[in-house]
Structure formats: structure tokens, C-alpha cells
Amino acid sequence: MIIKDLNHNSLLKENSKLDLEALNLGSFPKRKEERWKYTPLRFLKKINFHNQFNFKIEHLNSLGIPKIEGLVIVLENGKFNSSLSNIIDLMDIELLFLNDGDIVNNSQEPSHKDYFTNLNFSFLTEKVVLKIKPNVNINEPINFVNIISDDNCISNTQFNIDIYENSKLHIRQYFLGSSNSKDGFINHRNQVSLKSQSSLTVDKFQDLNQNFNFCNEFIDQEQESKFIMNTFSASGIILRNDVFNNVNGKNCHSELNGVFAPIEKQHFDNHTTINHFVADCKSFENYKGVIKESGVGVFNGKVIVHQDAQKIEAFQKNNNILLDDESKIYSKPELEIYADDVRCSHGSTTGRFDEEALFYLRSRGISVKKSLELMTLGFINEVIEKSNDSAYKEFVLKRLLKD
Amino acid sequence: MSYTEKELKEELNNKSYEFGFVTDIESEKAPIGLNEDIIKLISSKKNEPQWMLAYRLEAFRVWQKMSEPNWAHVKYTKPDFQNISYYAAPKKKKELKSLDEVDPELLRTMEKLGISIEEQKKLSGVAVDFVMDSVSVATSFKEKLSELGIIFCSFSEAVNNHPDLVKKYMGTVVPHTDNYYSALNSAVFSDGSFCYIPKGVRCPMELSTYFRINESGTGQFERTLLIADESSYVSYLEGCTAPQRDENQLHAAVVELIALDKAEIKYSTVQNWYPGDAKGKGGVYNFVTKRGICGYRSKISWTQVETGSAVTWKYPSCILKGDHSIGEFYSVAVTNNFQQADTGTKMIHIGKNTKSTIISKGISAGKSQNSYRGLVKIGKGAKNSRNFSQCDSLLMTDQCGAHTFPYIECENPTATVEHEATTSKIGEDQLFYCMQRGISEEKAISLIVNGYAKEVLNKLPMEFAVEAQKLLEISLEGSVG
């Protein structure tokens with residue numbers, strides 16, 4: 001197993017420069033591979049990474065995020081930063097870090113192995129484990145902030161969330177790149193385990209500026225559990241989200257929503273795989289792309305209904321708006337169905353804003369810029385509305401609209 | 001269609017594979033295996049000019065460097081390309097001018113297929129270019145067509161008689177470097193059809209070719225080249241039947257359509273190759289490359305009804321190069337037992353104001369796997385282009401699979417691209433409604449399936465529509481879950 005292979009870590013200490021392609025971690029993904037068809041990894045390959053962990057941020061306010069209250073876990077450049085964090089002792093919650101003993105050894109072998117998973121396990125810099133005891137309803141969201149603030153820094157982090165029977169949790173994840181850093185890389189992995197009748201909502205916000213962020217999400221659901229994830233991708237050179245949602249119990253609800261708004265040659269990749277292993281479940285996907293200024297958006301959703309998983313209701317939706325001549329969208333909603341009594345469908349649309357609607361707004365004295373903004377707002381609101389915190393909503397909207 | 005329940009029942013009972021007979025005609029076969037000598041042999045047998053041989057050899061060299069693709073959602077034992085005879089021709093005694101000269105055995109085969117040439121000639125107005133094991137032996141209505149300047153002949157004739165046209169257009173839409181099977185086809189293609197419609201001519205009849213794999217162990221490598229010159233129109237039918245065989249037979253065809261400015265091509269296919277038996281043994285491997293290119297204001301329309309073959313790998317595509325050009329794709333794909341199909345289309349929008357429509361209906365039964373794989377690409381310059389895709393899948397049993405893999409690539413903001421897909425089984429309420437009115441379950445299902453596929457079947461020419469409808473019912477024999 002890779003994790004036990006500590007040679008990599010010692011190698012890193014001696015020679016702190018990392019050449020991604022030279023690492024012996026399995027083959028580096030190529031454009032010829034279906035999953036990596038559109039991701040321009042050449043930008044990532046060019047960079048010589050290091051992982052010396054300096055803390056540079058003095059106060060969270062400097063990152064422009066709204067005031068966060070309650071439990072706050074902050075990782076900076078791949079390490080837990082206790083001075084920025086706010087660890088309050090909450091009953092019913094168990095919180096562990098990499099240094100707290102044996103948790104590395106306890107981690108499961110990854111079910112899906114690829115280059116970046118191997119990289120993450122081999123060069124793990126920090127791991128957070130959060131456990132919620134049974135029958136607990138935590139109303140206040142728990143905040144997880146993962147910052148990159150150093151140039152060329154590589155951060156391999158993991159966040160494990162275990163929610164036991166009949167508990168409920170809301171998590172806000174912020175992946176941030178400070179505005180004066182560049183070419184940093186957060187290679188993150190979320191591992192979620194939902195026991196029966198539990199519920200988890202994740203709001204994920206990505207604002208990396210001139211840095212990279214890859215997130216691998218593994219979600220295992222037991223019966224009658226509910227998982228909702230809202231991904232908001234605002235900036236970053238390459239952002240890539242790979243969601244693997246395994247539904248192993250009956251009557252589950254899975255919901256993946258997202259808004260991605262690449263600008264200035266940024267590349268945002270969204271890959272989702274929902275595996276329906278058992279019957280009577282529902283899954284929904286709704287991704288909205290707003291692409292401008294040579295941005296590139298990718299949506300690749302996959303719903304697999306395995307044999308005997310009858311009475312599945314699955315719906316995938318992807319709507320995209322292209323705002324200028326140089327922007328691109330690649331949409332690939334897939335259905336793979338091996339059971340007959342199912343209702344599965346998907347829809348994908350790509351286009352631009354209605355000229356008449358634009359004219360309507362302009363004829364009422366609203367500037368082109370403001371009109372487009374209003375229309376974008378109307379377009380993405382369906383997803384933004386999933387969040388019920390108005391301050392958070394306002395902040396996310398502001399960053400997505402980039403004003 | 002007025003045929004009763006009883007008839008259907010009888011037909012379903014007796015129906016394993018209607019066209020499973022082997023015609024006993026002496027045939028000349030090339031030795032098994034593939035190398036440059038074999039290619040030279042094929043070329044010399046067909047009296048081909050030097051440039052054709054050079055083209056074949058070049059394709060062969062390219063092919064040798066390629067590896068077989070495995071991205072399709074199908075599983076099968078890869079054919080052994082060194083264990084196939086690449087050339088089989090019914091022995092030619094002399095040039096044939098009238099039907100009397102044709103081998104009576106062959107005539108009987110045609111009759112069994114329901115395309116008796118005499119009848120066709122007199123009644124239906126369909127010119128049949130009958131291809132049996134790679135070499136055309138009878139071509140009808142040729143004279144009538146030639147009055148209009150239409151060239152409709154076998155590919156090898158065209159190579160000898162119209163080398164300028166063949167040279168100019170062959171490989172322009174599907175180059176020999178395109179993919180593994182098209183490279184193989186370019187190297188060893190045996191024969192096929194060639195059609196040229198001159199400027200401003202509207203072809204008065206539907207051109208049709210019956211392909212037929214006959215000789216056991218012979219891979220068939222057809223090549224079709226269809227050129228519609230400016231402002232012309234042609235409707236082309238392609239139908240397939242193959243005899244029952246246990247070993248897998250390989251079919252790797254290449255079809256190239258060229259629609260010049262303001263021309264229109266309608267290409268319809270009914271594919272009913274041998275699908276293998278109920279246990280999944282045998283059946284034809286169908287790896288086809290079909291592609292058309294559209295000029296200014298031209299239109300290419302593909303309609304296909306796919307019911308046969310053990311493995312299908314087929315993506316009739318349109319390159320919408322000219323401004324205002326239109327591409328259409330209508331498909332019904334039925335899989336039963338252990339059949340596997342990975343089929344769909346590619347619409348590549350290059351010109352301005354181009355339009356494309358994709359309607360794909362998949363029906364899976366038994367333990368089959370049916371996939372739709374389609375690409376819609378809007379290039380940077382394809383301003384105001386428009387695409388609408390709809391792919392529906394119908395599942396008949398709990399052991400089959402229906403999959404959708406659409407690729408939508410949009411690089412122009414003024415384009416509008418829509419895609420929707422649904423997967424479901426036949427609604428119990430629909431079934432109940434029919435049965436409540438005294439329609440048997442089997443008949444009700446065939447009614448519903450026909451209704452489901454109607455959108456596509458309506459696009460077929462009359463000659464095919466009836467046959468296709470019947471084929472659908474028969475293909476789904478006993479598949480009610």
C-alpha cells in the first residue's frame with residue numbers, strides 16, 4: 001500500500017523540488033484517456049513544486065471571505081494552522097489530525113486509484129478526521145478552510161467525515177488561493193461516510209486565483225441517508241472536481257449541484273459518478289456553467305444504475321451559457337443503465353442569453369454590463385438558492401459574478 | 001399493416017433467422033491471412049490500375065501501425081485478422097448482359113431474399129445493385145440511369161471506367177488514416193458501390209444495394225462512394241441479410257458521401273446481419289465507418305434501422321462544412337439476446353448557420369447492451385448553428401442495458417445546442433390500456449414499440465418502412481420481460 005511507503009516523504013525532505021511526471025506513482029494522466037480528455041495538465045507539469053510549509057496569512061479577513069463563526073478548521077499550505085482556526089469543544093464531535101497518532105494507518109485503501117490519489121496518499125501533508133456521534137443534529141455549519149498562500153507549494157490534504165446513524169451536519173468548505181500567490185496546488189480528498197438515516201450538506205467554494213485545485217470526493221451512503229453537495233467554482237488556473245458517490249442503501253437521496261464560472265483561460269472540470277447499487281433511490285444533478293473570456297468548462301456526469309437496482313429515479317441537468325467567442329464548453333452527461341424499471345433522464349443545453357431579454361432590460365435604462373449580470377444571476381440562482389444563509393449566498397454570488 | 005395476431009404468433013414461432021441459408025456457388029477465395037502479397041493479389045484480380053494498388057498498400061502500412069480501438073462499450077473476442085480470407089468472388093464466366101446469363105442458383109437466392117430482379121425491374125422502379133460476396137454480378141436499370149448521366153455501378157467498375165472521379169473523391173471524407181477498421185478496409189476492400197449524380201439531376205428512383213455475406217469465413221469489406229453534384233438529389237437504400245453461421249464474421253465497411261453545393265443525399269439502411277443465436281454464439285461483427293461531407297446549403301440525412309449483428313460499432317456522421325448545410329440522423333437500434341451495439345452519430349459543425357437533428361431510439365431486450373454514443377461539435381466559426389438531439393432508450397428486461405454517452409463540445413457562443421435523453425421501460429399504464437381493450441400483451445408491446453420508433457420509421461422510404469416495421473416486431477420475439 002502506498003501510504004506505508006514513506007520513502008517518498010524522506011525523499012522530499014532531502015530534495016524539496018517535486019517533478020510530478022518523474023514520480024513513480026503510476027502513469028501520469030494523458031489527454032488520450034477518456035477521463036482526462038479535456039484537462040490541460042501541461043500547465044501543471046511545467047511547475048516544480050515544493051512542500052515547505054510556511055504560514056503566511058495573519059488573519060482570515062485578508063482573504064475576503066465573510067466572517068466565519070463557530071468551529072473553523074484552517075489548513076494553510078497543506079498544514080493545520082492553529083492560530084487561524086477556531087477549535088471549540090463541541091460535544092458529540094470527535095476531531096482528529098494527522099499528528100494525533102494512528103489515523104494514517106487506519107485509513108482505508110482508496111477504492112479508486114489514479115495518479116492524483118496516489119500522489120495524495122504518498123505525500124500526505126495533513127489529514128482531518130471528523131466524526132459525528134449518532135442521533136445528533138448540528139445546526140451551525142462547520143467550516144473547513146484550505147488555503148494556499150505560497151508560490152509553487154503543493155498541498156496534499158484529506159478530510160474524512162463520518163456521520164453516524166440519524167445525525168445531521170452541514171459543512172462549508174473553502175478552497176482559497178491568496179491573491180499574491182501563484183502556481184500553488186491543492187490536491188485534496190474528501191472521504192464521506194454516511195450511516196443510515198444520516199444527512200450531510202456540503203457547500204464547497206473554490207476561489208484559487210492563480211493556483212490549482214483538484215478535489216477527489218468519495219461518498220458512501222447507507223440506507224435512507226441524504227447527501228447534498230453544492231460546488232461553486234469561482235477562480236483558479238485549473239479546477240477539477242471528481243465526485244464518486246456510491247449509494248449502497250435503499251431510499252437514499254443524493255444531490256449534486258454546481259456553478260462554474262471560468263474566465264481568462266481558466267479551466268474548470270466537473271466529473272461526477274453516481275453509482276446506484278441498490279433499488280429505490282433518487283439522485284439529482286444540476287450544474288450551471290457561465291463561461292467567458294476564453295474560459296473552458298467541462299461537465300462530465302455519469303449515472304450508473306447497476307443490475308437489480310430497480311425503481312431508481314435519476315436526473316442530470318447541465319445548462320451552459322457562453323458569453324464570448326473564445327470560450328468553450330464540453331458537456332458529457334452519461335447514463336449507464338443495467339436495470340429496466342427506472343426513470344433516468346438527462347438534459348444538456350448550451351447557448352447564449354436571449355437577445356430580446358437583453359433588449360428589454362436595456363430599453364429600461366440598464367447598462368449592458370448590469371443586464372448581463374442580472375441575467376447571469378437569474379441563470380445561476382436556481383443552484384445558489386440551495387444555500388439558505390443569505391450572507392453566504394451573497395458572498396458566493398459576488399465572487400461568481402466577479403464584480 | 002394488416003396482419004393478424006395469429007400470423008405474428010406463427011412467425012415468431014418459426015422465426016430463428018429467416019435468411020439463414022447458404023447459396024452453393026463455386027467461389028474463388030484468396031488464401032487465408034493478410035500481407036502485402038494478398039493485397040497485390042486482390043488488386044490484380046480486379047485488374048486495378050497502379051494508383052489503386054499504391055493506395056491499398058499505403059493504407060495497409062498505416063493499419064499495421066494501428067491498434068484495435070477498445071473504447072466502445074462492447075465486449076467481444078477480437079477477430080484474428082490473419083485467419084480471414086480477404087477475397088472471395090463468385091467465379092466469373094463471362095461478362096453478363098442479360099438476366100438469362102446469371103447463374104440460376106444466384107437468381108434463386110435473390111428470390112428468397114424477396115428481391116427478384118425481374119420483378120424489381122418491371123414493378124418497383126428500384127435499381128438493385130446486387131452484391132454477393134464482394135463482387136457485383138447483376139446491375140439493373142443501368143441504362144435508364146445512364147440516360148440522365150447518373151453513374152451507378154460497382155466500385156471496381158468505377159475504378160476502371162471513372163478513375164478521375166474515384167481519384168478525386170475517394171478517401172476525402174474517410175481517409176485511410178482515419179481509424180483501425182477504415183484503414184483495414186482501404187487496404188483490402190473487395191468491392192462496393194459507386195454512385196455519381198450529375199449537376200442538377202434529381203435521381204428518379206431510389207438506388208438500392210443488397211449486401212450479402214455468403215461464403216463462410218470471408219470478411220466483407222465493402223466500400224461505397226456516393227457523390228451528389230451541385231443541386232442534385234438522391235435517395236440511397238442499403239439493406240443487409242446474412243446467412244446463419246457459427247463463427248464470427250467480420251464486416252468492416254466504409255461509406256463516403258459527398259454532397260456538393262445545394263445537393264441532398266438521403267441514405268437509408270436496414271441492417272439485419274446474423275445476430276448470433278439465443279446463447280450468444282456466432283453473429284456478425286459490424287465495424288462500419290460512415291461519413292458524409294456537406295457543401296453550401298446541402299443536406300445529408302442518415303436513417304438507419306439496426307436489428308442485426310452480434311457487435312455493432314457504427315457512427316454515421318456529417319461534417320457540416322458548407323454554410324447553411326443540414327445534417328440529420330434518425331436511428332432505431334434494437335438489440336436482443338446477447339447482441340451489443342455501440343452506435344450513434346457525429347455532427348461536426350464548421351460552416352455558419354448549420355443545423356443538425358439527431359433522433360436516436362434504442363430498444364434493448366434479452367441480455368443485450370445498447371449504447372448511444374454521439375458527438376456534437378460546434379467549431380469556432382460555426383455561427384448561429386443549431387443542434388437538437390434526442391436519444392431515448394427502452395428497456396424490455398431486467399438483464400439488458402441501455403447507455404447514453406453524448407459528447408457536446410461547443411466553441412461558439414452564438415450556437416444553440418440541446419440534448420436530452422430518457423431511459424425507461426414500457427409504461428405499465430400504456431400496456432394496461434391496450435390490454436384492457438382486448439389486445440394481447442405481445443401485440444400491445446409491438447404496438448407501443450412501433451409507436452415509439454415511429455418518428456424514425458417515418459423517415460424511411462416506402463420500400464423499407466414496411467420491412468423495417470416487421471423486422472422490429474420479429475427482432476423483439478419473446479423478449480417481453
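Predicted, not measured: the structure shown is a model, and the values here were computed from it.

1. So, the overall build of chain B
For chain B, the count of helices and strands is twelve helices and 24 strands. Taking the intrachain contacts of chain B between residues at least 6 apart in sequence as the baseline, contacts between residues at least 24 apart amount to 84%.

2. Topic: the overall build of chain A
Counting its secondary structure elements, chain A contains seven helices and 19 strands. Since a compact globule built from 403 residues should have a radius of gyration of about 22 Å, the 21 Å found for chain A is in line with a globular shape. In terms of principal-axis extent, the alpha carbons of chain A reach across some 65 × 50 × 45 Å. The buried share of chain A, taken over its 403 residues, is 47%. Residue pairs in contact within chain A that sit at least 24 positions apart in sequence constitute 84% of those at least 6 positions apart.

3. Quick notes on the interface of chain A and chain B
Contacts between the two partners involve 32 residues from chain A and, on the opposite side, 32 residues from chain B. The set of elements that each furnish at least two residues to the side of chain A that touches chain B consists of strand 18 (328-337) and strand 19 (343-351) of chain A. When residues in the side of chain A that touches chain B are grouped by element, the largest group, ten residues, is from strand 18 of chain A. As paired strands, strand 19 of chain A and strand 24 (residues 416-425) of chain B are joined by seven bridges and run antiparallel to one another. Bridging across to strand 24 of chain B, Thr349(A) finds its partner in Glu418(B).

4. Considering unusual backbone geometry
A positive phi angle, close to 65°, is found at Ser294(A), a residue other than glycine. Tracing the sequence through the fold places Ser294(A) in the loop between strand 15 (282-291) and strand 16 (296-305). Here the phi dihedral of His324(B) falls at roughly 60°; this positive angle occurs in a residue that is not glycine. For His324(B), the position within the fold is in the loop between strand 16 (317-320) and strand 17 (326-335). For His324(B), a count of 19 C-beta atoms within 10 Å translates into the label partly exposed.

5. Observations concerning the pairing of strand 14 (residues 267-276) of chain A
All names here are of chain A. Strand 14 sits mainly inside the fold: nine of its ten residues count as buried. The sheet contact formed by strand 12 (residues 238-247) and strand 14 spans ten bridges and is parallel. Paired with aspartate 242 across the strands is histidine 271, a residue of strand 14. Bridge count between strand 14 and strand 16: ten bridges; the pairing is parallel. Paired with asparagine 270 across the two strands is phenylalanine 299, which belongs to strand 16.

6. With respect to the confidence of the model for chain B
All names here are of chain B. Considering every residue of chain B, the mean pLDDT works out to 78; 76% of them sit at 70 or more. Confidence over residues 92-96 falls short of pLDDT 50; this stretch has four contacts with residues more than four positions distant or in other chains. Across the whole predicted complex the pTM is 0.81, and at the interface the ipTM reaches 0.80.

7. Thoughts on the pairing of strand 23 (residues 401-410) of chain B
Counting buried positions along strand 23 of chain B yields nine of ten residues, so the element is predominantly enclosed. Across six bridges, strand 18 of chain A lies against strand 23 of chain B in antiparallel orientation. The partner of Leu335(A) across the bridge, within strand 23 of chain B, is Thr404(B). Inspection of the sheet shows strand 21 (residues 369-378) of chain B paired to strand 23 of chain B by ten bridges, in the parallel sense. Of the residues in strand 23 of chain B, the one forming a bridge with Gln369(B) is Gly401(B).

8. Some words on the nonpolar core
Counting 200 residues, the largest nonpolar core has Val305(A), Cys195(B) and Ile265(B) as its most contacted members. Excluding its chain neighbours within four sequence positions, the residues that come into contact with Val305(A) are His276(A), Ile312(A), Ala314(A), Ile337(A), Tyr338(A), Ala339(A), Val342(A) and Cys344(A).

9. Concerning the environment of Gln220(B)
Here Gln220(B) shows up in the loop between strand 7 (207-212) and strand 8 (222-228). Along the chain, Gln220(B) and Pro275(B) lie 55 residues apart, while their C-alpha atoms are 16 Å from each other.

10. A look at the confidence of the model for chain A
Detailed reading of the predicted coordinates is not advisable wherever pLDDT falls low. In this model, chain A carries a mean pLDDT of 84, and residues with pLDDT of at least 70 account for 90%. Throughout residues 1-15 of chain A the model reports pLDDT below 50, and contacts reaching past four residues in sequence, or to other chains, amount to 14 contacts.

11. As for the packing of helix 5 (residues 355-362) of chain A against helix 6 (residues 368-384) of chain A
The axes of two packed helices give the description: the angle between them and the distance between them. All names here are of chain A. It is at 9 Å that the axes of helix 5 and helix 6 come closest, and there the two elements cross at 125°. Relative to helix 6, the element helix 5 lies oblique. As helix 5 runs across helix 6, the sense of the crossing is right-handed. Taken together, the residues of helix 6 that come into contact with helix 5 (itself represented by Ala357, Leu358, Leu361 and Arg362) are Val368, Ser371, Leu374 and Met375. Residues belonging to the contact of helix 5 with helix 6 are distributed by class as follows: six nonpolar, one polar and one charged.

12. Some remarks on the environment of Glu256(B)
Residues and elements named next belong to chain B. Here glutamate 256 lies in strand 11 (residues 254-259). Through-space distance from the C-alpha of glutamate 256 to that of glutamine 271 is 18 Å; in sequence the pair is 15 residues apart. Setting aside residues up to four positions removed in sequence, glutamate 256 forms contacts with Val173, Val174, Thr224, Leu225 and Arg291.

13. Describing helix 11 (residues 441-457) of chain B
What sets the pattern is the α-helix's 3.6 residues per turn: residues three or four places apart point alike. All names here are of chain B. When the terminal C-alpha atoms of helix 11 are compared, their 22 Å separation across 17 residues agrees well with the 24 Å that a helix rising 1.5 Å per residue should span. The sharpest bend along helix 11 measures roughly 35° and falls at glycine 451. Listed as buried for helix 11 are Ala444, Ile445, Ser446, Val449, Ala453, Val456 and Leu457.

14. Digging into the packing of helix 3 (residues 50-65) of chain B against helix 9 (residues 180-188) of chain B
Residue and element names in this part refer to chain B. Close contact between helix 3 and helix 9 brings their axes to 7 Å; oriented N to C, the two are set at 150°. When the axes of helix 3 and helix 9 are compared, the crossing they make is left-handed. Contact residues: Tyr55, Arg56, Ala59, Phe60, Val62 and Trp63 in helix 3; Tyr180, Ala183, Leu184, Ser186 and Ala187 in helix 9. Residues that form the contact of helix 3 with helix 9 fall into these classes: nine nonpolar, one polar and one charged.

15. Quick notes on the environment of Tyr233(B)
Residues and elements named next belong to chain B. Inspection of the secondary structure assignment puts tyrosine 233 in strand 9 (residues 233-241). The class of tyrosine 233 is partly exposed, set by 18 C-beta atoms lying within 10 Å. In this structure the C-alpha to C-alpha distance between tyrosine 233 and alanine 259, which are 26 residues apart in sequence, comes to 9.1 Å. Setting aside chain neighbours within four positions, we find tyrosine 233 in contact with Arg202, Cys203, Ala263 and Glu264.

Cut-offs and rules
Residues numbered from 1 in each chain as written. Chains lettered and ligands numbered in written order. Predicted model: local features only at pLDDT ≥ 70, side-chain atom pairs only at ≥ 80, totals over all residues. Helix = DSSP H or I, 4+ residues; strand = E, 2+ residues; numbered from the N terminus. Contact = placed C-beta atoms within 7 Å. Rg over C-alpha atoms; globule rule 2.2 N^0.38 Å. Buried ≥ 20, exposed ≤ 12 C-beta atoms within 10 Å, placed from the backbone. Pairing = 2+ DSSP bridges. pLDDT = per-residue confidence, 0-100. Core = buried A, V, L, I, M, F, W, Y, C linked by C-beta atoms within 7 Å. Axes fitted to C-alpha atoms, helices over the stretch in contact; angles between N-to-C directions. Parallel < 35°, antiparallel > 145°, perpendicular 65-115°, else oblique. Left-handed = near helix turned anticlockwise from the far one by under 90°. Nonpolar A, V, L, I, M, F, W, Y, C, P; charged D, E, K, R; others polar. Expected span 1.5 Å × (residues − 1). Bend = angle between axes of the 7 residues up to and from the residue.

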